[in-house]
Structures are given as structure tokens and as C-alpha cells.
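Residue-level listing of the chains:
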Amino acid sequence: MKSFGITKRGLVRQENEDAFIIEHPSLFIVADGMGGHAGGEIASRTAVETIREYVRESSAEWRNEITLKDAVLAANTAIRDYITVQPDFDGMGTTTVAAYLEDDIVFWAHVGDSRLYTYYRGTLKQITQDHSLVSELLRDGRITEEQAEQHPSRHVITRSVGTTDSPEVDTGRLRLEPETMLLLCSDGLYNMVDEAEIRDIMIANENAPESCARHLLKRVYDHGAKDNVTIVVVAYR
């Protein structure tokens, strides 16, 4: 298995509030913070570090999607505890998507609008479901794809880590075929580069995570990089 991650500040941002961790060989986490440049950065960094430590301390033979869910809830508690001590940061929070590989199974947990995709033999599939206002309107059939792209509330998320005492965490597991690739990313990628172009870049960079991630990042900046962007690519063999 090979993996590579990269994060970069957007062209219209003062700070990069994204964070990621690759814990070789099996744990991958992306978080996109909010709440002002300091608050968002603290929230995302707290989330990825807390999840990593929680998984490290868990029993390896029992790690699964429930472990990741509990790790995300631990991150939520850590952020809430920070706010208790530093009330000026009230309102800060973060999206989170985490994946853990065990043999040919990937376990995942997710809150917010950072995403997990799988890529296999030319097919890109979004695994997580965005917790955002526009996504909910789209799923309910109240707006079209075209309307969603221009909706004034397209950046409003409906779930996050750290903004409530007990967020709802989506979880799941998938069996992977050999040569499958995983893509974890913040919305700074897919809001700038559409899924057809993401797929084409992954086709051109199969089993080459670093090259894939760097090409995706380049296209974000070619399109204007209006937000911070974080990309983690994993090639499963």
C-alpha cells in the first residue's frame, strides 16, 4: 500500500484551516476547520490528533468503524473542552473524515462535507454523504444539480465536530478489490475540480498516489483555488 497527502492554503484565504494525518500503514484523516483562522486551525488539528491517539490506544484486533466513530466523538469532546477553557473560541468546529484499512476492508467515519471516494478501474464513487444544507436540498429533490452549484448557502454545513455536545457520526465499511485507490479530501478539491476531471486524473495516475495528489492540487489552482485544499490518496494493492 502506498499513500500521499498534501494541504495548501487557497488563493483568497489568510490561513489554512485544513489538517490531515497519515498514520502508516492504515489510518488516514482529513479535517476542514471553521470558526476564524485561529479557531478553525485549532479545531481541525485537535480533531486529527485526537482521532490518531484514540486509534493508537485502541486494541488493534478490534479496530473497526465503531472505533473510528468513538474516536471522532473523543475529538468532539476535546474541542468542547478547549472551548470551555477558552470561551472566545466558542463556535469553532471542523469537518472530519477518517478511514482505517485492515486487510482488504476499509472502515470509515465521517461528519461534515469532507469526503471519501473510491476509485477502481475507471470508476470514481463518492462513499460519504455530505452533511450540508445544499446536499440535503438536493437529496430531497428541492433543487437541481445546476441550482446547487450556484446556491447562496452551498457552504453551510449541517453537522460538524466541536459545535454540539453529541454530533451524529456516519460510519461504514467496504471490501476493496486489489488496485483500488482511496481519495480523502476537503471541499476545496471538489468545489474547484468536478468529479469527471478528478476521475480522469486518477485514471492517468493509477497506483501513483503522490503524482495523483499533486496533479489534483495543480488543477485546483488552475481553477482559482478559492478555498484551502487537502488531498490524501491511497493505493491499495
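Further up the page is the structure itself.
Residues numbered from 1 in each chain as written. Predicted model: local features only at pLDDT ≥ 70, side-chain atom pairs only at ≥ 80, totals over all residues. Heavy atoms only, no water.

1. A word on the overall build of the protein
For the record, the criterion: Put simply, DSSP marks the helices as runs of H or I at least four residues long and the strands as runs of E at least two long, and each gets a number from the N terminus on. The globule rule used here is 2.2 Å times the number of residues to the 0.38 power, and the radius of gyration it is set against is calculated over C-alpha atoms. The cut-offs for exposure are 20% and 50% of the maximum accessible area for each residue type, with area from a 1.4 Å probe on protein chains only; residues under the lower value are buried, those over the upper are exposed, and the others partly exposed. Whether two residues touch is decided by their heavy atoms; if any such pair falls within 4.5 Å, the residues are in contact. Residue exposure ignores everything except the shown protein chains as possible cover, and the areas themselves are Shrake-Rupley values with a 1.4 Å probe.
Check the secondary structure of the protein and you find seven helices and ten strands. For the protein, the C-alpha radius of gyration of 17 Å lies close to 18 Å, the compact-globule estimate for 237 residues. Expressed along its principal axes, the backbone C-alpha trace of the protein runs to roughly 50 × 45 × 35 Å. Taken over 237 residues, the protein has a buried fraction of 51%. Within the protein, contacts between residues at least 6 apart in sequence are counted, and of these 69% link residues at least 24 apart. Surface summary for the protein: the accessible area is close to 11200 Å², and the carbon and sulfur share equals 45%.

2. Comments concerning the sheet that holds strand E4 (residues 93-102)
Cut-off, in case you're wondering: Following DSSP output, two strands are said to pair if at least two bridges run between them. To obtain an axis, a line is fitted to C-alpha atoms, over the contacting stretch when the element is a helix, and the angle between two such axes runs from 0 to 180 degrees between their N-to-C directions.
One open sheet holds the five strands; their spatial order is E2-E3-E4-E5-E8, and the pairing between them is antiparallel. Pairing within the sheet leaves two strands with one partner each, and these edge strands are strand E2 (18-23) and strand E8 (170-175). On average, adjacent strands in this sheet sit at an angle of 10 degrees to one another, irrespective of strand direction. Two elements, strand E3 (residues 27-34) and E4, share eight bridges in a ladder whose sense is antiparallel. Of the residues in E4, the one forming a bridge with Phe-28 is Ala-99. Of the strands in this sheet, E3, E4, strand E5 (105-111) and E8 are in contact with helix H2 (residues 65-85), which crosses E5 at around 30 degrees.

3. A look at the packing of aromatic side chains
So the rule is basically this: For Phe, Tyr and Trp, rings pair up if their centres lie within 6.5 Å, where Trp contributes its six-membered ring, and each pair is then called stacked (planes under 30 degrees apart), edge-to-face (over 60) or tilted (otherwise). By definition, being over a ring means that NZ of Lys or CZ of Arg is both within 6 Å of the ring centre and within 35 degrees of the ring normal.
Tallied over the full model, the rule gives one aromatic pair. Taking the centre distance of 5.7 Å and the plane angle of 70 degrees together, the rings of Tyr-82 and Phe-89 count as edge-to-face. The class for Phe-89 is partly exposed, based on a relative accessible area of 22%. One cation-aromatic arrangement involves Lys-8 over Tyr-221; the distance from NZ or CZ to the ring centre is 4.6 Å. Lying over the aromatic face of Tyr-190, Arg-115 brings its terminal NZ or CZ to 3.4 Å of the ring centre.

4. What about the pairing of strand E9 (residues 181-185)?
When you tally the buried positions in E9, you get five out of five residues, the bulk of the element. Residues Met-181, Leu-183 and Cys-185 of E9 are buried on one face, and the alternating residues Leu-182 and Leu-184, pointing to the opposite face, are buried as well. Both strand E6 (residues 115-120) and E9 contribute to a ladder of five bridges, which runs antiparallel. Each residue of the ladder has a partner; that of Arg-115, found in E9, is Cys-185.

5. Observations concerning helix H7 (residues 209-222)
Operational definition: The length a helix should cover is 1.5 Å for every residue beyond the first.
Taking 1.5 Å per residue, 14 residues should reach 20 Å; H7 reaches 20 Å between its end C-alpha atoms and fits that length. Along H7, the residues classified as buried are Pro-209, Cys-212, Ala-213, Leu-216, Leu-217, Val-220 and Tyr-221. Looking at the buried residues of H7, the elements they touch are strand E1 (2-8), E9, helix H5 (187-190), helix H6 (195-204) and strand E10 (229-235).

6. Notes on the nonpolar core
Basically, it comes down to this: Definition of nonpolar core: a set of buried residues of the types Ala, Val, Leu, Ile, Met, Phe, Trp, Tyr and Cys, connected through side-chain atoms within 4.5 Å.
Counting 26 residues, the largest nonpolar core has Leu-183, Leu-189, Ile-198, Met-202, Leu-216, Val-220 and Ile-231 as its most contacted members. Secondary-structure elements contributing two or more residues to this core are E1, E6, E9, H5, H6, H7 and E10. Residue contributions to this core peak at six residues, all from H7. In this view, Ile-198 contacts Leu-124, Leu-183, Leu-189, Tyr-190, Val-193 and Leu-216; residues no more than four positions away in its chain are not counted. Of all hydrophobic cores here, the second largest spans 25 residues; its members include Ala-19, Leu-27, Val-72 and Ile-79.

7. Things to note about the sheet that holds strand E7 (residues 123-126)
Ordered in space as E1-E10-E9-E6-E7, the five strands form an open sheet in which the pairing is antiparallel. Both edges of this open sheet fall to E1 and E7, since each of them pairs with a single strand only. Within the sheet, the average angular offset between the axes of one strand and its neighbour, ignoring direction, is 15 degrees. Contacting E1, E9 and E10, H7 runs over the sheet at an angle of about 25 degrees to E1.

8. Things to note about the environment of Asp-170
For clarity, the threshold we go by: Pairs of N or O atoms within 3.5 Å make up the polar contacts considered here, provided that, within protein, one atom can donate a hydrogen while the other can accept it, and that residues adjacent in sequence are counted only when both atoms are side-chain atoms.
For Asp-170, the position within the fold is in strand E8. Judged by its relative accessible area of 18%, Asp-170 is buried. Separated by 88 residues in sequence, Asp-170 and Tyr-82 have C-alpha atoms that sit 24 Å apart. Once residues lying within four places of it in the same chain are set aside, the contact partners of Asp-170 are Trp-108, Ala-109, His-110, Gln-129, His-131 and Arg-159. Within polar-contact distance, the side chain of Asp-170 engages the side chain of His-131 at 2.7 Å.

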